[in-house]
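Summary of structural features
Listed here are the chains, written in short residue letters.
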Amino acid sequence: MAMLWKFMRVAKYSKTALSPKVKLRGIPTHSRHSSSKSVPSDFAANTPCSNTVELLGKAYPQDDYSNVTEKILSKVGKNLHNKKHHPLWLIKEQVKDHFYKQYVGRRGTPLFSVYDGLSPVVTIQQNFDSLLIPQNHVSRRKEDNYYLNHDHMLRAHTSAHQWDLIHSGLDAFLAVGDVYRRDTIDNTHYPVFHQMEGVRLFSCHELFSNIKHGEGLQLFEQGHRTAHKQECHTMEAVRLVEFNLKQVLTKLMTHIFGDGLEVRWVDCYFPFTHPSFEMEINFQGEWMEVLGCGVMEQQLVNS
């Protein structure tokens, strides 16, 4: 079983049954896509008149899906989140240090590994298909993404790497990187921004070991999907994973913003988690969304 969480636009906001595991994770809000507008003309310049796009040492043939602009191409590879003392680097290091200290494995080593150098060029399969995002989902639109061609694009979220990292054998990790969406520029939106995402998979022993009489509890069942759980998960497992997820993220936000933080959780929808939540914090008298998260779809883990 797994859980997932994703911190969104951190720079601007600073304001399982293939194996007996379930997963939780955090994600970007795809509802933003439905309200996105065309990018300003400065960012909508014509793609260079060439048959290929040269990017990060590779050539990508152009086709009728190619829409990445010279302006956006000039941003790729800057890796601001890895530049020492840059605000994004400072936030990343603060989060990383918190997880290293708070969550330690049995051998005294950090439970979570960190990946902050993954290429922003991904396949359509990585960005959408591997996350169970439907073919007709609004988040796939050309108006909302930067496509190199029919097969490759600039990642729209760090979740594009999730399947590969899990498939490599990882069960707890943080992924950090620059992401690209054709958003209208305003005080909280820019076509290039950054995300950090966390994933944790649980075995039956890991989830129930500290629960009284937990040896009789199970992760999976053949049940029915409700608003609170997937059909294959037991209610006991979902409740524990949800509690763990919200506790971990509340502690993280308190670490970043300080004690006395007012937090609320909002039910929401993501294609790759259920149940799904967004965390909002009270900032200057208004509720501000800072992350999305949820229990990963078991179908995704099984894949």
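Bear in mind the structure is a predicted one, so any value in this text is a computation, not a measurement.

Calculation notes
- Residues numbered from 1 in each chain as written.
- Predicted model: local features only at pLDDT ≥ 70, side-chain atom pairs only at ≥ 80, totals over all residues.
- Heavy atoms only, no water.
- Helix = DSSP H or I, 4+ residues; strand = E, 2+ residues; numbered from the N terminus.
- Buried < 20%, exposed > 50% of the residue type's maximum accessible area, 1.4 Å probe, protein only.
- Polar contact = N/O pair within 3.5 Å; in protein donor to acceptor, adjacent residues only side chain to side chain.
- Pairing = 2+ DSSP bridges.
- Expected span 1.5 Å × (residues − 1).
- Phe/Tyr/Trp six-rings, centres within 6.5 Å; stacked < 30°, edge-to-face > 60°.
- Lys NZ or Arg CZ within 6 Å of the ring centre and 35° of its normal.

What follows concerns the side chain of His-189. With respect to the helices and strands, His-189 occurs in the loop between β8 (172-180) and β9 (192-203). For His-189, a relative accessible area of 15% gives the class buried. There is a polar contact of 3.0 Å between the side chain of His-189 and the side chain of Thr-188.

A word on unusual backbone geometry. In this model, His-274 is joined to Pro-275 through a cis peptide bond whose omega is 0°. Within the secondary structure, Pro-275 sits in strand β11 (residues 273-283). In the Ramachandran plot, Asn-79 falls in the positive-phi region, its phi being about 50° despite a non-glycine side chain. Turning to its location among the elements, Asn-79 is positioned in the loop between α3 (70-73) and α4 (87-102). The residue Leu-132 is not glycine, and still its phi comes out positive at about 65°. Note on placement: Leu-132 falls in the loop between α5 (124-127) and β7 (152-154). For Leu-132, a relative accessible area of 26% translates into the label partly exposed.

With twelve of twelve residues buried, β9 is to be regarded as a mostly interior element. Across the two faces of β9 the burial is the same, with Val-192, His-194, Met-196, Gly-198, Arg-200 and Phe-202 and Phe-193, Gln-195, Glu-197, Val-199, Leu-201 and Ser-203 all buried. Of the strand pairs in this sheet, β8 and β9 are connected by nine bridges, and their pairing is antiparallel. Its bridge partner lying in β9, Gly-177 is registered against Gln-195.

Let's shift gears to helix α8 (residues 235-257). Helix length check: α8, at 23 residues, gives a terminal C-alpha distance of 32 Å against a target of 33 Å (1.5 Å per residue), a fit within 8%. For α8, every residue scored as buried is listed here: Ala-237, Val-238, Val-241, Glu-242, Leu-245, Lys-246, Val-248, Leu-249, Leu-252 and Met-253. Looking one or two places after α8, you find Gly-258, whose phi comes out positive at around 105°.

What follows is about the packing of aromatic side chains. In the structure shown here, the tally under the stated rule is seven aromatic pairs. Taking 5.9 Å as the distance between ring centres and 10° as the angle between the ring planes, the aromatic pair formed by Trp-5 and Phe-99 counts as stacked. Three or more aromatic residues joined by ring pairs make a cluster, and in this case those are Trp-5, Phe-99, Tyr-103 and Phe-112. The lysine or arginine in question, Lys-142, covers the ring of Tyr-65, its NZ or CZ lying 5.0 Å from the ring centre. A cation sits over an aromatic face here: Lys-246 above Phe-277, 4.1 Å from the ring centre.

A few words now on the pairing of strand β12 (residues 286-296). Among the eleven residues that make up β12, nine are buried, leaving the element largely enclosed by the rest of the structure. Pairing analysis gives nine bridges linking β11 to β12, with the strands arranged antiparallel. Of the residues in β12, the one forming a bridge with Thr-273 is Met-296. In sequence, β11 turns back onto β12 through a hairpin of two residues, with Gln-284 there showing a positive phi of about 55°.

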